[in-house]
Amino acid sequence: MLDEATTEARRLAASLRSIDTDLAESAYMVWISLEPTPDQATLMGCAATLETIEQRLPPGTLAALVRVRLTRLQGLVNALLDDDLPPTAA
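Residues numbered from 1 in each chain as written. Predicted model: local features only at pLDDT ≥ 70, side-chain atom pairs only at ≥ 80, totals over all residues. Heavy atoms only, no water.

Colleague: What am I meant to see in the overall build of the chain here?
Modeller: When helices and strands are tallied, the chain shows four helices and zero strands. In the chain, the succession of α and β elements from N to C terminus is α-α-α-α. For the chain, the C-alpha radius of gyration of 13 Å lies close to 12 Å, the compact-globule estimate for 90 residues. Overall, the C-alpha framework of the chain stretches about 50 × 25 × 20 Å when taken along its three principal axes. Of the accessible surface of the chain, which amounts to about 5,300 Å², a share of 55% is contributed by carbon and sulfur atoms. (Helix = DSSP H or I, 4+ residues; strand = E, 2+ residues; numbered from the N terminus. Rg over C-alpha atoms; globule rule 2.2 N^0.38 Å. Areas by Shrake-Rupley, 256 points an atom, 1.4 Å probe, with all protein chains shown as cover.)

Written as C-alpha cells, this is what we have:
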C-alpha cells in the first residue's frame, strides 16, 4: 500500500504542476515524506497537506481530474494511518 501511495503522490505532483506550482511542491513534499517508511506523525502531516491541497484547488475540469487522484491518495494515506494505529486495549 505504501508503494501505491508514493506512486500516487508522484503522479499528483506531476498533475498539479500545470495547475499551481505551489500545490505541486506540496504534493512533492508528501511524496518525499512517504519514503522510505513514514511514522504516524509523518502520515498525519501528509494527510493535513493533502487536505490543504484539496481546499486550494481551483474549480474547473482539469482540477476535477486531479481531485480524483487526490482523493485516491487521501484514502491510501488514511489507510496507512489506520494500519499504523496501535491496537486498542481490551
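Moving on from the coordinates now.
Colleague: What is the right way to read a nonpolar patch on the surface from this model?
Modeller: On the surface, Tyr 28, Met 29 and Ile 32 cluster together into a nonpolar patch covering about 260 Å² of accessible area. Summarising the element assignment, Ile 32 is placed in helix α2 (residues 21-33). With relative accessibility at 38%, the residue Ile 32 sits in the partly exposed group. (Patch = residues over 30% accessible without salt bridge, like charges linked within 9 Å, V, L, I, M, F, W, Y side chains within 5 Å. Salt bridge = Lys/Arg side-chain N within 4 Å of Asp/Glu carboxyl O. Buried < 20%, exposed > 50% of the residue type's maximum accessible area, 1.4 Å probe, protein only.)

Colleague: Explain the packing of aromatic side chains here, please?
Modeller: The geometry of an aromatic ring pair is captured by the separation of the ring centres together with the interplanar angle, meaning the angle of the planes. Throughout the structure, instances matching the rule amount to one aromatic pair. Plain terms: the ring middles of Tyr 28 and Trp 31 are 5.4 Å apart, the flat faces sit at 85° to each other, and that makes the pair edge-to-face. With Tyr 28 and Trp 31 both in helix α2 and three residues apart, the pair spans about one turn of that helix. (Phe/Tyr/Trp six-rings, centres within 6.5 Å; stacked < 30°, edge-to-face > 60°.)

Colleague: What should I look at first to understand the environment of Ala 41 in this one?
Modeller: Relative to the elements of secondary structure, Ala 41 occurs in helix α3 (residues 40-56). Accessibility expressed as a relative area gives 56% for Ala 41, which makes it exposed.

Colleague: Teacher, can you tell me more about the nonpolar core here?
Modeller: The tendency in soluble globular proteins is for nonpolar side chains to be buried as a group. Residues Leu 12, Leu 16, Leu 34, Leu 50 and Leu 73 are the most contacted members of the largest nonpolar core, which totals 23 residues. Only α1 (2-16), α2, α3 and α4 (61-84) provide two or more residues apiece to this core. At eight residues, α4 tops the list of elements feeding residues into this core. For Leu 16, the residues in contact, after removing those within four places along its chain, are Leu 23, Ala 24, Ala 27, Ile 53, Leu 57 and Val 66. (Core = buried A, V, L, I, M, F, W, Y, C linked by side-chain atoms within 4.5 Å. Contact = heavy atoms within 4.5 Å.)

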